[in-house]
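Commentary on secondary and tertiary structure
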Amino acid sequence: MIGALKGVGVSKAAAGRMSVRELASLTAAAEEDDDATLSPTPPPAPRPPRNRIINALIITVAVGSLVAGAAFAFVPKPSRAAVHQLSAWLSDQPSGSAVQVDGVTGKADAKVSISPAGHRVQVIQDGHTVLVEDLVTHQVSRVDPSQLTVSGTATLASPGTRIVTGGGAVYLLDPAAGTVQGLDPVSLALSGPAVGAPQLAAPLGDAQVAPDGTLWVADDGAGSLVPVKDGRAGAAQAVGAPGDLLLVALAAGRPVVTDTTTATLHLPGADGASTVVTLPGQLKSGAVRQPPATDGPVVPILLTPANQLVLADTAHGAADSVTLTAAAGDTVDTPLVLGTRVYLPDESSGALLVYDIAAHRVLDPITIGSGAGAIDAFVKDGQLWANSPGGRSAVLVKGDGSVHHIDKDPGDLPGGPTSSTSNTSSTSTSSSPSSSPSTAAGAITSPTSATSSTAPGPGPNISAPPVPHTSPTGTDTGGPKPPGQSRAKPPVGPPPPSTPPSTPKAPPPVPPPTPPSVPSSSPSSKPSPTPTPTPTPTPTPTPLPPPVAPPSVHETAGSGDIVVTFSPVASTNVPISYELQGVPSGATVSPGTTLPGNGGTYRFDVKNLSCTKADYVFSVAAVYANGTAATAASPGAKACKAPGAVSSVNATTSSHQIDVSWSAAAAGGGAVTYTVKWSGGSATTTKTSYSITNLKINKSYSVSVTASNNAGSATAATTTVNLSNPGSYNIYRAWAPGYNLHLRPSTNPNDPALATFPLTPQNGLGVGITVLCQTKGTYVQDPKDPTLHGDLWDYATYNGQTGYVSDLYVDTAESKAGNYESFSSPLWQC
């Protein structure tokens, strides 16, 4: 039966009609038949069994059939790659390409050639839109992720032109020209009208795109923030003075502006008013970097070259400061926030420095693996990517802090050959989890040898690769550490011996002890001199490691106090104590200005401070047996937070006056000043009420109240007030035939009439009018009744017209009483 099946298989294979599944089944059956017919003893003749020949024939014919089918029936398809929602594209400068990395597995899975090898590029990505700008030629290329091709190119107008994308929208900014225009992400052609003057004024500053596609652009020339969407500019919001240097970020989707000229942070509101946070004054004197967006309310601001952090909390109106000892003197790029951690690309060490905002401490750095050099870092889809564009390594950091090490050149990738398929030394030093990263300047290398404690005998020294940083709590990654910091060594298993252990030799025989010599009994013998003992050398003491400062100091603004938290030193040279430096006169420190160095709570609570314009600057010194090391002075913090917003704004009106009152705002630790603004004026007070006087009546006023102290100001509370007090009255006494009563544009009786009132019944009331106010004007006398005379006029509305009519003919209270020159209550004077 099996032979018959094989015969059928041969015929099918020869005819080219056998499927792969049939071939596999038939081959398996042939193997089983071979096993069943073979004798346990070798056959006498060396001739191979017939079944083997049939198997070889089947396989040969089938393979030939498949090859023929590939040659004549199948057409190769172009390279494609799976488009992942969490994927990202990373630049690879040596090969001039962009590499796609799967955000789930952290593995490179495709690449596209973009520019000449060695050119630095910038990858701009939003969703499935991937644009790459060659920073040398300023050519922009669009990558089609599904086809792994460049589907279009365009050349920017000038090197200063920038592309900003987000929320599915792409914009082209020309800061020097002061214009913004939409860019089609598919054709790379400009779309829609260009937005420029008078809405925008050159030079333009920073810009970010909100999730709804609105571009928020800082107009440095006007000191304002302008929204642009669908080719139109919205109302500008003042966030600084003309000429101020402004940085834009999105905090939880809302635009935030940092004015580095005045060291203030502005969070514009819907009504044009802003919440303002006062930042440390050091921002005015140094270069400042902040991330393009954060998921929460805290915006980290990096002060360079000191590399200190300011954590601006837009939700609570406070600014904390952080001193990072490990970053001092390094080249550090823009900080990024993921979860409760701030990641700082340290290009001097080729690593990400990590600071935990919630824990107030420095965590182990994350080594990227390509050594010192430029780092392209960004946050996308809740994940942080840090790429070494000049090397082959990158890292992916998840929201929980776990890390995937990425090899951008693992082998042949869809879309093109690898950049260095023959460079085996580069492959062996990749920063993937299974290989050791290349040593960077200032980096801590992995241990070079390890000995198993469970092995039967000593084994050879082996090189232990670093353990990838995968712990959400800051497990060591093998990256650089601050001076004096300890590093957890990677676990090393029992190493195998390089050669088989030899049989131990028998110990040599021990000679019998020599009996002591018997002293001679001859009286002429002399005793032997006693030998002088050799002194034991005194061991040289191991010098203590040099003193190092605490890795970080965090100043948290409070209500009349500042809490100073610091990271303890991890070193074999344990500090004797920690001392707080910079305590002002009159302040008290709990538990004291000195803390033990071997444990406990690493924080000082400095109280009895005032909310002044000056910042309180502290540092922490670690005291050792062999010296003292202190952190650099912090950027400073205030002993207060910005006050809360006022509520329950009430307004009452009277003639030419608005009386405003409000509930007191939460003080935030300092004396609160209230700013009252209205259409055409403003005033400040420390009370919770204010009277706005000398106003024009019969118009509406927008009144706002803002609480502020030296730490900043809260969002303004606004109300609209209609300053008018109209009254309904009737025309009367206009019954004399031949005399027409008119509504005129002024109190001059010779002005042309706006409207004519019909005659009224004698001793009766005529048409109704609305009197807005009363005023003195031209003296008039009734031509028929000499007793009717006066200079009081009513400003009134009748039949859609507003003008003046003599109070002699309006039934107001004083007119009816015969007092023709007296104002009638409750009407206001115009």
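Refer to the structure presented above.
Residues numbered from 1 in each chain as written. Predicted model: local features only at pLDDT ≥ 70, side-chain atom pairs only at ≥ 80, totals over all residues. Heavy atoms only, no water.

**Things to note about the overall build of the chain**
Filter applied, for reference: Here a strand is any run of E in DSSP of at least two residues, a helix any run of H or I of at least four, and the numbering for each starts at the N terminus. When accessible area is computed with a 1.4 Å probe and restricted to protein chains, residues below 20% of their type maximum are described as buried, those above 50% as exposed, and intermediate ones as partly exposed. Any two residues whose heavy atoms approach within 4.5 Å are treated as being in contact. The protein chains shown are the only cover counted for residues, whose accessible areas, like all others here, come from Shrake-Rupley with a 1.4 Å probe.
Looking only at helices and strands, one finds 5 helices and 55 strands in the chain. Each of the 830 residues in the chain was classed as buried or not, and the buried ones make up 45%. Restricting to contacts in the chain with at least 6 residues of sequence separation, those with at least 24 account for 53%. Entry remark: accessible area of the chain is about 39,800 Å², with carbon and sulfur atoms responsible for 56%.

**Quick look at the sheet that holds strand β41 (residues 627-630)**
Strands belonging to one sheet form pairs held by backbone hydrogen bonds; the direction of such a pair is parallel or antiparallel. Test applied: Pairing between two strands requires that DSSP report at least two bridges joining them. Angular values range over 0 to 180 degrees, each being the angle between N-to-C directions of two axes fitted as lines to C-alpha atoms, with helices fitted over their stretch in contact.
Reading across from one edge, β38-β36-β40-β41 is the order of the 4 strands in this open sheet, with antiparallel pairing throughout. The sheet terminates laterally at β38 (594-596) and β41, the two strands that pair on one side only. On average, adjacent strands in this sheet sit at an angle of 25 degrees to one another, irrespective of strand direction. Pairing of strand β40 (residues 619-624) with β41 involves 4 bridges; the strand directions are antiparallel. Bridge pairing in β41 links Val623 to Thr628.

**A word on the sheet that holds strand β28 (residues 351-356)**
Across the sheet, which stays open at both edges, the 4 strands sit in the order β26-β27-β28-β29 with antiparallel pairing between neighbours. Every other strand in the sheet has two partners, leaving β26 (336-338) and β29 (361-367) as the edge strands with one partner each. Strand-to-strand, the axes of this sheet are offset by a mean angle of 30 degrees, without reference to chain direction. Sheet topology note: the β26/strand β27 (residues 341-346) ladder contains 3 bridges and is antiparallel. By the bridge assignment for β27, Val337 is matched with Val342.

**As for the state of the cysteines**
In a disulfide, the sulfur atoms of two cysteines are held together by a covalent bond. Defined as follows: Here, a disulfide means two cysteine sulfur atoms that sit within 2.5 Å of each other.
Under the definition given, this model contains 2 disulfides. In this model, Cys611 is linked to Cys640 through a disulfide, with the two sulfur atoms separated by 1.9 Å. For the disulfide bridge between Cys611 and Cys640, the dihedral angle about the S-S bond is near 50 degrees, and by the sign convention the bridge is right-handed. Remark: Cys640 occurs in the loop between β41 and β42 (650-654) and Cys611 occurs in the loop between β39 (603-607) and β40; sequence separation between them is 29 residues.

**Focus on the pattern of salt bridges**
As a reminder, the rule being used: Whenever Lys or Arg places a side-chain nitrogen within 4 Å of a carboxyl oxygen from Asp or Glu, that contact is recorded as a salt bridge.
This structure, assessed with the given rule, holds 8 salt bridges. For Asp407, the salt bridge identified is with Arg392, shortest N-O distance 2.9 Å. Of the two residues, Asp407 sits in strand β33 (residues 403-407) while Arg392 sits in the loop between β31 (383-387) and β32 (393-397), which places them 15 residues apart along the sequence. Comparing Asp407 with Arg392 shows no difference in burial state: the two are buried.

**Quick word on the pairing of β32**
Counting buried positions along β32 gives 5 out of 5 residues, so the element sits mostly inside the fold. Of the two faces of β32, both are covered, the one formed by Ser393, Val395 and Val397 as well as the one formed by Ala394 and Leu396. Of the pairings in the sheet, the one linking β31 to β32 comprises 4 bridges and is antiparallel in character. Directly across from Trp385, in β32, lies its bridge partner Leu396. Count of turn residues in the β31/β32 antiparallel hairpin: 5 residues.

**Observations concerning the side chain of Ser552**
Structurally, Ser552 is set in strand β34 (residues 552-557). Residue Ser552 is classed as buried on the basis of its relative accessible area of 0%. Not counting chain neighbours up to four residues away, the residues in contact with Ser552 comprise Thr323, Leu324, Thr325, Tyr355, His360, Arg361, Val362, Thr565, Phe566 and Ser567.

**Details of the packing of aromatic side chains**
The condition that has to hold: Between the rings of Phe, Tyr and Trp (Trp by its six-membered ring), a pair exists once the centres lie within 6.5 Å; its type follows the angle of the planes, with under 30 degrees stacked, over 60 edge-to-face, and the other angles tilted. Geometrically, a charge over a ring is one whose NZ (Lys) or CZ (Arg) sits within 6 Å of the ring centre while staying within 35 degrees of the ring normal.
Enumeration over the complete set of coordinates arrives at 9 aromatic pairs. With centroids separated by 5.9 Å and ring planes inclined at 90 degrees, the aromatic side chains of Tyr578 and Tyr602 adopt a geometry described as edge-to-face. Placement of Tyr578 in strand β36 (residues 577-581) and of Tyr602 in the loop between β38 and β39 is noted, with a sequence separation of 24 residues between them. The same class applies to Tyr578 as to Tyr602, namely buried. Site record: aromatic cluster; members linked through ring pairs are Phe566, Tyr578, Tyr602 and Phe604. Against the face of Phe823 rests Lys776, its NZ or CZ located 5.7 Å from the ring centre.

**Quick word on the environment of Leu765**
Relative to the helices and strands, Leu765 is located in strand β53 (residues 765-781). Dropping the residues within four chain positions of it, Leu765 is found in contact with Asn730, Ile731, Tyr732, Thr760 and Asp811.

**Overview of the side chain of Arg744**
Put simply, the test is: When charges are counted, neither His nor the chain ends are considered; positive counts come from Lys and Arg and negative counts from Asp and Glu.
In this structure, Arg744 sits in the loop between β51 (741-743) and β52 (755-757). Salt bridges are absent for the buried Arg744, whose nearest opposite-charge side chain, Asp751, sits at 7.0 Å. Not counting the four nearest positions on each side in its chain, Arg744 is found in contact with Pro749, Asn750, Asp751, Pro752, Ala753, Leu754, Gly803 and Tyr804.

**Quick look at the environment of Thr261**
Definition in use: Two N or O atoms form a polar contact when they lie within 3.5 Å of each other; inside protein one atom must be a possible hydrogen donor and the other a possible acceptor, and for residues adjacent in sequence the pair counts only when both atoms belong to side chains.
When you line up the elements, Thr261 lands in the loop between β18 (254-259) and β19 (264-268). In this structure, the C-alpha to C-alpha distance between Thr261 and Ala241, residues 20 residues apart in sequence, is 9.1 Å. Every residue in contact with Thr261, bar those within four places of it in the chain, is listed here: Asp244, Leu245 and Lys284. A distance of 3.0 Å separates the side chain of Thr261 from the backbone nitrogen of Leu245, its partner in a polar contact.

Structural measurements only, silent on function.
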